[in-house]
Amino acid sequence: MTAEKRKIENPEVLFDEFDPPTYESWKEEATALLKGGSFEKKLFTKTYEGITLAPIYTMEMAPNPGDISNFPGTENYLRGTKVGGYITQAWGISQQSDEILPNKLNELLKHELDKGSTVINIALDDITRQGNNAEAITKESVKKGGVSLTTLQDVYEALSGIDLGAYGVYIHTGESSASIVAMICAMMQANGEIQDKLHGIIGADPIGVLAEEGRLSISGDVLYSEMAELIKWTDKNKMDLRTILIQGQVYNNGGASAVQELGFMLATAIVYIRKLQEQGLDINSIAKNIAFSFALGSNFFMEIAKLRAAKVLWAQIVQSFGGDTESQKMVIHAKTGLFNKTTYDPYVNMLRTTTEAFSAAIGGIDSLETTPFDACMQLPDEFSRRIARNAQLILQNECNLRQPIDPAGGSWYVETLTQQVADKSWQILQDIENKGGMVLALQNGFVQKDIQDVLSQRFKKLAQRTDRVVGVNMYANAMEPVIEKRKINMEEIYQTRAQSVKSFLADIDETYKNISLSELVSARENANFMPMLEQAFAAGATLAEVTAVLNRKNTGMKIEQVVEKHRFSEQFEALRNKARIYESEHGEKLKVFLCNMGNIPQHKPRAEFSTGFFEVGGFEVLKNDGFMTTQEAAKAAVDSGAFAAIICSTDDTYPELVPPTTKQIKAAKPDMVVMVAGMPAPEFEQSYKDSGVEEFIHVRANCLQVLTWMQMKGGIK
């Protein structure tokens, strides 16, 4: 048979017999399937951003095509700031290195770069960010991690053998970045390296520090002046270095919604723009020195929309200040958040960070940091760092997320959500402006209260299990072993750092150093500030000595209330922690007995619900295949050794089972807690209580409240 004869002619497929689908016809079918349930209540979802998600999105709901950027790298940058997206340049894999000792940091940085990281991401310890020397190290600062940099020798040890021209640098410096930039540049100059090859982000965010820590060591005006001098110097030296890094993590860690995080970050940026304009800088220079660091949460599409909306709003803001198209491009670093990470069932954090990294890639970022799964408990180790880093490598190399460009573009849902996030964030920005700007909004507590309101909503929904955290308030692993935390020798670290600083200072020309420090005082008032700052470190000045000179006769700034750091699951984890302490002290867990009534199909659904409910609180649940009589059930409950019993059956059988079972248990063991699984019918609730039932558990119950009460009844304080 010839190929021509084998060829089958496929008939043309027409759809003329089908009516074009409409939203109204879909809604009619969906309503019918709900069988009397409310269409609006069942299928629409309200978010913490004040946005109501629809069950379906159509072309008519999406923004007008004319409002959407048609091509990546053009117009309002909704579809990204690069024409080629990740095809021409992948996002930077920016895994944080947080070793405390400079030489150990150097080893870790080289290891990270060798294993796939493409950005040098250095975490500074609290002491360094505050401008203090190594002798100020505390146990708390060590537990948080981050390198301690006191002298030029420390910087050399940390960066020795690393080509700063080949990799971008990422460092969050706290309230000021001038000293860290000067130390690195002084080290490069001493090594005969060209300073202008230093590139990336070494950025400060004094307003973010004020929100997180409640104080600044230097007044805002002095910090803005320092910020301006640094920008002038980097521009003069043609350094591709952004020295302002606006942090979203401080707000996200407080429980803020996506639109709050974005709105507060943009409000912060506007303060910096205005203050730097007062210092004589133009908008193009200012904008090109600002980068943004966003936190990433678990709401996949919301995070995509947040990142896309951010680019549009930033372009609009810079344009309104007169900035050109190049300066309107937002540089975004993203970091998977800590707010939603858990200390129980911690390996689930790997899954959370993976979906968050996925949303960041779709949303369009310049660099990404995936947080190790154990970062909310301890300093990460080699295993947790490797898994975090490899998540990004897989997304780039195996999942092929480097193409297509802007895969979410044109999605009716994503485009609509992006516009809604932009509108809501803009409204928050306007509210902040009406309060006098971000600093005044922090001083009068507006920002803190706004975040606290959302946090309260989150905690309420989590307590009622409307929101779920796998492994914590749902699907708890009763047999979970506790991860052994890394032990840190605080005394050894302190002695090592102290000896290193002492050895360096022993060879310093004190006279020359003191002259350099004295010259730095007057240099702050002229264009020689950064060169003289660099010279002071080159002369052997320590970070604390430079800080003392720069802070002379300065009162700093304070606010009454900080943006408190929280984690979504902390209240439930506190219950589990109490249960663990009780178990260690008594040799066993508090026990709850399931009074399963009838055959397995009769009690199984509520028995399983009850098991999951109580395991969340660290209780041991005693199971069985059910009892045919109330006498058998009551006797088994009393003999079990449990302090509480939960009756599990059906609503139809409860009227005849609950009162007698409860009375028999109470007669034999008056202090035993008796509960019923399920919401009682109104006409029977009082009779159940009269028989001795103390509580009812069901899908609408406040799980946190019930478990807290149960622990107290069982003797856990």
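Up top is the structure these notes are about.
What comes next concerns the included structure. These figures come from a predicted structure and were not determined experimentally.

Looking at the pattern of salt bridges
Now for step 1: Enumeration over the complete set of coordinates arrives at 34 salt bridges.
Now for step 2: The partner of Glu356 in a salt bridge is Lys341, with the nearest N and O atoms 2.9 Å apart. One end of the pair, Glu356, is in helix α16 (residues 348-363); the other, Lys341, is in the loop between β11 (332-336) and α16, and 15 residues separate them in sequence. One exposure class covers both Glu356 and Lys341, and it is buried.

Digging into the nonpolar core
Now for step 1: Within the largest apolar cluster, 83 residues are counted, with the highest numbers of intra-cluster contacts made by Tyr251, Phe292, Trp314 and Met438.
Now for step 2: Examining the composition of this core, we find that 13 residues originate from one element, helix α13 (residues 258-278), more than from any other.
Now for step 3: For Trp314, the contacting residues outside a window of four places in its chain are Leu266, Ala269, Ile273, Ala287, Ile290, Phe292, Ser327, Gln328, Lys329 and Met330.
Now for step 4: One finds Phe627, Val676, Leu704 and Ile716 within the second-largest nonpolar core, a separate group that totals 56 residues.

Here we look at the pairing of strand β9 (residues 241-247)
Now for step 1: Judged by how many residues are buried, β9 sits mostly within the fold: 7 of 7 residues are covered.
Now for step 2: Where strand β7 (residues 200-204) and β9 come together, 3 bridges link them in parallel fashion. Pairing of Ile201 across the sheet is with Arg242, part of β9.

Regarding the side chain of Gln392
Now for step 1: One can find Gln392 in helix α17 (residues 382-397).
Now for step 2: Classification of Gln392 as buried rests on a relative accessible area of 0%.
Now for step 3: Within the structure, Gln392 has its side chain in polar contact with the side chain of Gln95 (distance 2.8 Å).
Now for step 4: Residue contacts for Gln392: discarding those within four places in its chain leaves Trp91, Gly92, Ile93, Ser94, Gln95, Leu368, Glu369 and Thr370.

Observations regarding the side chain of Asn133
Now for step 1: Tracing the backbone shows Asn133 in the loop between α6 (126-129) and α7 (139-144).
Now for step 2: Look at Asn133 and you get buried, because its relative accessible area is 7%.
Now for step 3: In terms of polar contacts, Asn133 uses its side chain to reach the backbone amide nitrogen of Ala544, at 2.8 Å.
Now for step 4: Discounting residues that sit within four places of it in the chain, Asn133 has contacts with Ile127, Thr150, Thr542, Leu543 and Ala544.

Remarks on the pairing of β7
Now for step 1: β7 sits mainly inside the fold: 4 of its 5 residues count as buried.
Now for step 2: Note on the crossover from strand β6 (residues 168-174) through helix α9 (residues 178-190) to β7: the handedness is right-handed.

Topic: the sheet that holds strand β15 (residues 620-622)
Now for step 1: In spatial order, the strands read β15-β14-β16-β17-β18; together these 5 strands make up an open sheet with parallel pairing. Two strands lie at the open edges of the sheet, namely β15 and β18 (695-697), each paired on one side alone. On average, adjacent strands in this sheet sit at an angle of 30 degrees to one another, irrespective of strand direction.
Now for step 2: Across 5 bridges, strand β14 (residues 591-596) lies against strand β16 (residues 644-648) in parallel orientation. For Cys595, the partnering residue across the bridge sits in β16 and is Ile647.
Now for step 3: Most of the contacts of helix α27 (residues 630-639) go to β14, to which it runs at about 170 degrees, and overall it touches β14 and β16.

Thresholds applied
- Residues numbered from 1 in each chain as written.
- Predicted model: local features only at pLDDT ≥ 70, side-chain atom pairs only at ≥ 80, totals over all residues.
- Heavy atoms only, no water.
- Salt bridge = Lys/Arg side-chain N within 4 Å of Asp/Glu carboxyl O.
- Helix = DSSP H or I, 4+ residues; strand = E, 2+ residues; numbered from the N terminus.
- Buried < 20%, exposed > 50% of the residue type's maximum accessible area, 1.4 Å probe, protein only.
- Core = buried A, V, L, I, M, F, W, Y, C linked by side-chain atoms within 4.5 Å.
- Contact = heavy atoms within 4.5 Å.
- Pairing = 2+ DSSP bridges.
- Polar contact = N/O pair within 3.5 Å; in protein donor to acceptor, adjacent residues only side chain to side chain.
- Right-handed = clockwise from strand over helix to strand, strands pointing away.
- Axes fitted to C-alpha atoms, helices over the stretch in contact; angles between N-to-C directions.

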